[in-house]
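Below are the chains, spelled out letter by letter.
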Amino acid sequence: MQRLFRKTWYHVSLSVKQNTPFNLISWKTYSKVPETVPTQFSSAHTRFQFGAPNHEPNAQSYNGASGFGLVRLQNQVSYEEDKSNGVDEFASDVEKIYRILRKFHSRVPKLELALQESGVIVSSGLTERVLNRCGDAGSLGYRFFVWASKQPGYRPSYEVYKAMIKALGKMRQFGVVWALLEEMRKENPQLITSEVFVVLMRRFASVKMVKKAIEVLDEMPKYGCEPDEYVFGCLLDALCKNGSVKEAASLFEDMRIRFTPSLKHFTSLLYGWCREGKLMEAKFVLVQMREAGFEPDIVVYNNLLGGYSHARKMADAYDLLKEMKGKGCVPNATSYTILIQALCKQEKMDEALRVFVDMQRSGCVADVMTYTTLISGFCKWGKIEKAYEILDSMLQRGHTPSQITYLQMMLAHEKKEELEECLDLMVEMRKIGCIPDLNIYNSVIRLACKLGEVKEGVRLWNEIEENGLSPGLDTFVIMIHGFLEQGCLVEACQYLKEMVDRGLLSAPQYGTLKELMNSLLRADKLEMAKDVWSSIVNKGCELNVYAWTIWIHALFSSGHVKEACSNCLDMMEGDIMPQPDTFAKLMRGLRKLYNREIAAEITEKVRKMAADREITFKMYKRRGERDLKEKVKERDEGRKRRARRRGWGGKRHDSAKAL
């Protein structure tokens, strides 16, 4: 890759954010983000501690959830960043335990025996490392935590409890989290701190469970912790970051008597409104801030810049930049990066470069994020050569590209289906000491599977494990879809079962489950489909009505009507009522089979469940018939549209031949 190091000087640089894989830099995919803030990107050179006594104007962080250059307050630094230098001390034991967990995760007695015979001495440092090694596979980490807690002479440390609460919260196992807190209160009450509740609040906020997040404030005194301004600020921060700014604003007004408003609280609200594009509300917060005796600092101004940029009000953003200079609040790299990011999103690359030049003339030094933003912009609009020029310039100036810098290049090559370039770029990354992270592997594996290079995808998967990374949810989904596209049903089933074993299957992945089940039944692989489903049920996955509906409809559509009815009865045994169209579909199928006995059994149970839920059975039945007719109509119309498109395509092809 000679072009990587051409001596092309391109005077540009910046700092930014990301959106989606190709909506400019997507910080959400940045692997170095502390897991306490999964949707937030934090830059090492711009860190702001929410709990710090002073509102430091130079400390900012970029938020990637919204994809525009807002600066938000960041929660305290993760304990992972302050780990001791015990990497070599625990490395071999961590890998040994991780292999045991993967091998025996579904057989608890054998798992405990294997761990007992492993010869590993349990310590808090080791337990914490194992939990981190399990990554998204929280169920593996929890099994090890349970076993470790039973070992004589071992008591989990504060860091271990916190890591476990974080992992369980990510799995949405909030009931287990509260049980764990009860255990801490009884056995280690001194370890319960406000930071533990902050982690829990952030998890609730991340899944839009606003009431539950607020209830944590009321529950804290029961565990010997009184909520203070710091905790309240973290709650506001979490709500604003996760799109619940209206609820945050209401909470702020309700709690103003209980908690004295601070600049951090106002900044969080202003950030939230700017993120939502509600500039009038943001300006009102600014007025409130000044009335409370606080003057805007660089963090506040940068949030406003982000709000204007997000709303594409670039003239207002430039005016605000001038106002900052006039009031003695010197714009920093973040300020200029926010503007450059917005211009890159609008494909105004020349103007973005002009802003960069102004940045340099003003004496503001561009950082890695500035360069990364420009690289992301050029990659987004297909100008990969320009992106390489900036990368070369970045290296020449002594800046080391980050993983997210290279991720933008990977995504550009992925879009052009250039697998070899991706693999070469990974080699170049390693040469300068930048190790590919999980997001980069996901991008390359996705491309390999798309091009039919499944073996290359498997090789990269194995490389992930060898490098000490844990394949995440996205990695599993990519591999499963890759195998399905190539007709490798056995391998797809293996990966989905492994995904289930690691506790990664949840409602958002039901689309993958549906595709796999339909593929198996279309290929007449009923026993394989049953095996997958039983593994899901036996592993204790919390299945809702949508998961059952996917399986029942897949069976029905493949002609296995009795199997579908049997599973419907199993579903109702778990007190889950079938959807109206499912009931209507099964009744039609049973009428064709003249099987009145099963039809009567299902009908009787549905009648009882409808009565328990105060639903009229007649209305339920009518709705099912109506929904079924609408779906059939939609399907027929879809077929007609596709047929028309094929017809138009054929006509165009014939015309081209005639020419």
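Preceding this paragraph is the structure being described.
The structure reproduced in this document is the subject of the present report. Just so it is clear, the model here is predicted, and its values are computed rather than measured. (Residues numbered from 1 in each chain as written. Predicted model: local features only at pLDDT ≥ 70, side-chain atom pairs only at ≥ 80, totals over all residues. Heavy atoms only, no water.)

## Remarks on the overall build of the protein
Short version of the rule: Put simply, DSSP marks the helices as runs of H or I at least four residues long and the strands as runs of E at least two long, and each gets a number from the N terminus on. The buried label goes to any residue with under 20% of its type's maximum accessible area, the exposed label to any with over 50%, and the partly exposed label to all in between, with areas taken from a 1.4 Å probe on protein chains only. In what follows, residue pairs with any heavy atoms lying within 4.5 Å of each other are defined as contacts. Only the protein chains shown count as covering a residue, and every accessible area follows the Shrake-Rupley method with a 1.4 Å probe.
Assigned secondary structure in the protein consists of 31 helices and two strands. Residues counted as buried form 54% of the 659 residues belonging to the protein. Within the protein, contacts between residues separated by at least 24 positions form 70% of all contacts whose residues are at least 6 apart in sequence. Roughly 30,000 Å² of accessible area belongs to the protein as shown, and the carbon and sulfur atoms make up 50% of that amount.

## Quick look at the side chain of T127
Along the chain, T127 falls in helix α3 (residues 124-134). Of the residues examined, T127 reaches a relative accessible area of 0% and is grouped as buried. Sequence-distant contacts of T127, defined by excluding residues within four places in its chain, comprise V122, F144, A148, Y154 and V160.

## Thoughts on the packing of aromatic side chains
Basically, it comes down to this: Whether two aromatic rings pair depends on their centres lying within 6.5 Å, for rings of Phe, Tyr and Trp, where Trp uses its six-membered ring; planes under 30 degrees apart make the pair stacked, over 60 edge-to-face, and the rest tilted. By definition, being over a ring means that NZ of Lys or CZ of Arg is both within 6 Å of the ring centre and within 35 degrees of the ring normal.
The final tally for this structure, using the stated rule, is 16 aromatic pairs. Residues F174 and F204 carry aromatic rings whose centres are separated by 4.2 Å and whose planes lie at 25° to one another, so their mutual orientation is stacked. Here F174 is found in helix α6 (residues 174-187), whereas its partner F204 is found in helix α7 (residues 194-206), with 30 residues between them in sequence. Ring plane angle 75° and centroid distance 5.9 Å describe the contact between F583 and F617, whose orientation is recorded as edge-to-face. With F583 in helix α29 (residues 580-593) and F617 in helix α31 (residues 617-658), this pair connects stretches of sequence that are 34 residues apart. The ring of Y223 has R185 lying over it, and the distance from NZ or CZ to the ring centre is 4.7 Å.

## Focus on helix α13 (residues 298-310)
To keep things clear, this is the line we draw: Given the number of residues in a helix, its expected span is that number minus one, multiplied by 1.5 Å. Definition of a polar contact: a pair of N or O atoms within 3.5 Å, with one able to donate and the other able to accept a hydrogen when the atoms are protein atoms, and with sequence-neighbouring residues admitted only if both atoms are side-chain atoms.
Helix length check: α13, at 13 residues, gives a terminal C-alpha distance of 18 Å against a target of 18 Å (1.5 Å per residue), a fit within 8%. Listed as buried for α13 are I298, V299, V300, Y301, N302, N303, L304, L305, G306, G307, Y308 and S309. Taken together, the buried residues of α13 touch α11 (263-276), α12 (279-291), α14 (314-326) and α15 (333-345). If you check the start of α13, you find a side-chain oxygen 3.1 Å away from the backbone N of V299, and it comes from D297. In the stretch just after α13, R312 is the one whose phi turns positive, near 60°.

## Looking at the packing of helix α27 (residues 545-557) against helix α28 (residues 561-573)
Helix-helix packing is described using two parameters, namely the angle between the two axes and the distance between the axes. The condition is simple: Axis geometry follows a simple rule: fit a line to the C-alpha atoms, using only the stretch in contact for helices, then measure angles between N-to-C directions, giving values from 0 to 180 degrees. Throughout this description, any angle smaller than 35 degrees is read as roughly parallel, any larger than 145 degrees as roughly antiparallel, any in the 65 to 115 degree range as roughly perpendicular, and the remainder as oblique. By convention, the crossing between two helices is left-handed when the near helix turns anticlockwise from the far helix through less than a right angle, and right-handed when the turn is clockwise.
The interhelical angle for the contact between α27 and α28, taken along N-to-C directions, is 165°, at an axis separation of 7 Å. As the angle between them shows, α27 and α28 are arranged roughly antiparallel. Seen along the crossing, α27 lies across α28 with a hand that is left-handed. Seen from α27, the contacting residues are V545, W548, W551, I552, L555 and F556; seen from α28, they are V561, E563, A564, N567, C568, D570 and M571.

## A word on unusual backbone geometry
The backbone phi angle of K208 is positive, close to 65°, even though this residue is not glycine. Mapping K208 onto the fold places it in the loop between α7 and α8 (210-219). If you check the backbone angles, D524 has positive phi at about 60° while not being a glycine. By secondary structure assignment, the location of D524 is in the loop between α25 (510-522) and α26 (526-538). Looking at D524, the relative accessible area reads 59%, which means it is exposed.

## Observations concerning the layout of surface pockets
If a probe the size of a water molecule is rolled over the atoms, the empty space left behind becomes visible. Keep this limit in mind: Cavities and pockets are defined on a 1 Å grid built over the protein atoms alone: a cavity is a set of grid points where a 1.4 Å probe fits but cannot escape, while a pocket is an open set with protein on both sides within 12 Å along at least five of seven lines, and lining residues are those with an atom within 4 Å of any such point. Grid points are joined across faces, edges and corners, and a volume is the space filled by probe spheres set on the points. Residues were grouped as follows: Ala, Val, Leu, Ile, Met, Phe, Trp, Tyr, Cys and Pro as nonpolar; Asp, Glu, Lys and Arg as charged; and all remaining residues, including Gly, as polar.
When its volume is computed, the second largest pocket comes out at roughly 720 Å³. Looking at the second largest pocket, it is lined by 23 residues, and the ones nearest its centre are H553, S557, K585, K631 and R635. Elements that contribute at least two residues to the lining of the second largest pocket include exactly α25, α27, α29 and α31. Grouping the amino acids of the lining of the second largest pocket by side-chain chemistry returns seven nonpolar, six polar and 10 charged.

## Structural notes on the pattern of salt bridges
Worth spelling out the cut-off: Salt bridges are defined as contacts in which a side-chain nitrogen from Lys or Arg sits within 4 Å of a carboxyl oxygen from Asp or Glu.
If you walk through the whole model with that rule in mind, you get 22 salt bridges. Across the salt bridge formed by R185 and E182, the nearest N and O atoms sit 2.7 Å from each other. Remark: E182 and R185 occur in helix α6; sequence separation between them is three residues, near one turn of the helix. The class for E182 is partly exposed, based on a relative accessible area of 25%. Among the ionic pairs, D531 bridges to K497, the shortest N-O distance being 2.6 Å. Linking D531 in helix α26 with K497 in helix α24 (residues 489-501), this pair joins segments that are 34 residues apart in sequence. One continuous salt-bridge network, built from bridges that share partners, spans R430, E456, R459 and E463.

## Points about the packing of α25 against α26
Following both chains from N to C, one finds α25 and α26 inclined at 150°, their axes separated by 8 Å at the closest point. Compared by their axis directions, α25 and α26 come out roughly antiparallel. In this structure, the crossing between α25 and α26 has a hand that is left-handed. Along the contact surface, α25 presents L513, L516, M517, L520 and L521, while α26 presents L526, M528, A529, V532, W533 and I536. The residue inventory of the contact of α25 with α26, partitioned by class, reads 11 nonpolar, no polar and no charged.

## Section: α25
For α25, which comprises 13 residues, the first-to-last C-alpha distance of 18 Å matches the rise-based estimate of 18 Å (1.5 Å per residue) to within 8%. For α25, every residue scored as buried is listed here: Y510, T512, L513, L516, M517, S519, L520 and L521. Looking at the buried side of α25, the elements it contacts are α23 (473-485), α24, α26 and α27. Phi turns positive, to about 60°, at D524, one or two residues after α25.

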